[in-house]
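Structure assessment
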Amino acid sequence: MAGKITFTMLKPDAVEANNIGPILAKINEGGFRIVAMKYLRLSPEQAGQFYAVHKERPFYGELVSYMSSGPIVAAVLTKDNAVADFRKLIGATDPTKAEEGTIRKMFAKSIAANAIHGSDSDENAQIEANFFFSQLERF
Ligand code: IDP
Ligand code: MG
């Protein structure tokens, strides 16, 4: 069976727009439980490390400076089939292509400032959760 945890960040645009509450409500309505959460600001070094897989992509510099431009909320979520179901809930990377009712369609400003992150695999969910949280329970 697919894994039970995924990792998310509410990105600087979502925090700046005061959308933490509405987005967390959507996450709960989607059937996810929040099992770890913190509010913090990434340094450029930390943002670069988190997104190291995208180092060769043309938007890497923009992404790193954007993700360190203001505070974020990082959280670990649980649900059966968490990774795939959460990707469905947040919608496409480009909000103009995201389906109606998805978090990115509702809250994202642009393809870079797209409101929210969601892990793309069970393995990355664990790696990303461990990047922010050191004392995770086992789920
Ligand atoms: P994802 O967040 O939907 O998994 P990825 O392709 O993994 O999308 O890209 C990571 C993040 O990089 C995106 O969420 C977005 O913030 C940013 N990004 C992706 N593509 C572009 C682009 O073409 N221009 C600027 N930023 C981008
Ligand atoms: Mg991704």
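All of the points below concern the structure found in this document. Values in this document were obtained by computation on a predicted structure and should not be read as measured data.

What follows covers the pattern of salt bridges. Two side chains of opposite charge can pair, provided their charged atoms sit close to one another. Tallying each qualifying case throughout the model produces 4 salt bridges. Its salt-bridge partner being D85, residue K88 comes within 4.0 Å of it at the nearest N-O pair. Of this pair, K88 and D85 both sit in helix α5 (residues 82–90), 3 residues apart, roughly one helical turn. Using a relative accessible area of 63% as the deciding quantity, one classes K88 as exposed. Across the pair K97 and D94 runs a salt bridge whose closest N-O atoms are separated by 3.6 Å. Residue classification places K97 among the exposed positions, given a relative accessible area of 64%. Residue D94 is classed as buried on the basis of its relative accessible area, which comes to 18%. One network of salt bridges, in which partners are shared, links K79, D85 and K88.

This paragraph deals with the side chain of R104. Along the chain, R104 falls in helix α6 (residues 103–107). Summary of buried charges: R104 has no salt-bridge partner, and the nearest side chain of opposite charge, D13, is 8.6 Å away. At a separation of 2.7 Å, a polar atom in the side chain of R104 contacts the main-chain carbonyl oxygen of I116. Ignoring any residue separated from it by four or fewer positions in sequence, one finds R104 in contact with K11, I90, G91, A92, T93, P95, A98, N114, I116 and H117.

The next subject is the pairing of strand β1 (residues 5–10). Within β1, 6 of the 6 residues are buried, leaving the element largely enclosed by the surrounding structure. Burial along β1 is two-sided: the face carrying I5, F7 and M9 and the face carrying T6, T8 and L10 are both buried. Bridge count between β1 and strand β3 (residues 72–78): 6 bridges; the pairing is antiparallel. Paired with T8 across the strands is A75, a residue of β3. Bridge count for β1 against strand β4 (residues 116–118) is 3 bridges, and the pairing is antiparallel.

Moving on, we come to unusual backbone geometry. In the Ramachandran plot, N81 falls in the positive-phi region, its phi being about 55 degrees despite a non-glycine side chain. Here N81 shows up in the loop between β3 and α5. With a phi close to 75 degrees, A115 is a non-glycine residue in the positive phi region. Among the structural elements, A115 can be located in the loop between α6 and β4.

What follows covers the nonpolar core. Residues F7, M9, M67 and F132 are the most contacted members of the largest nonpolar core, which totals 23 residues. Looking at this core, the elements that each hand over two or more residues are β1, β2 (33–40), α3 (44–50), α4 (60–67), β3 and α7 (122–132). Among the elements that make up this core, the one with the highest residue count is α4 (5 residues). Ignoring anything within four residues of it in the chain, the contact list for M67 reads M9, K11, P12, L42, A47, Y51 and I72. Ranked by size, the runner-up nonpolar core spans 19 residues in total, among them V15, L77, L89 and I90.

Thresholds, definitions, all that
- Residues numbered from 1 in each chain as written.
- Chains lettered and ligands numbered in written order.
- Predicted model: local features only at pLDDT ≥ 70, side-chain atom pairs only at ≥ 80, totals over all residues.
- Heavy atoms only, no water.
- Salt bridge = Lys/Arg side-chain N within 4 Å of Asp/Glu carboxyl O.
- Helix = DSSP H or I, 4+ residues; strand = E, 2+ residues; numbered from the N terminus.
- Buried < 20%, exposed > 50% of the residue type's maximum accessible area, 1.4 Å probe, protein only.
- Lys, Arg positive; Asp, Glu negative; His and termini not counted.
- Polar contact = N/O pair within 3.5 Å; in protein donor to acceptor, adjacent residues only side chain to side chain.
- Contact = heavy atoms within 4.5 Å.
- Pairing = 2+ DSSP bridges.
- Core = buried A, V, L, I, M, F, W, Y, C linked by side-chain atoms within 4.5 Å.

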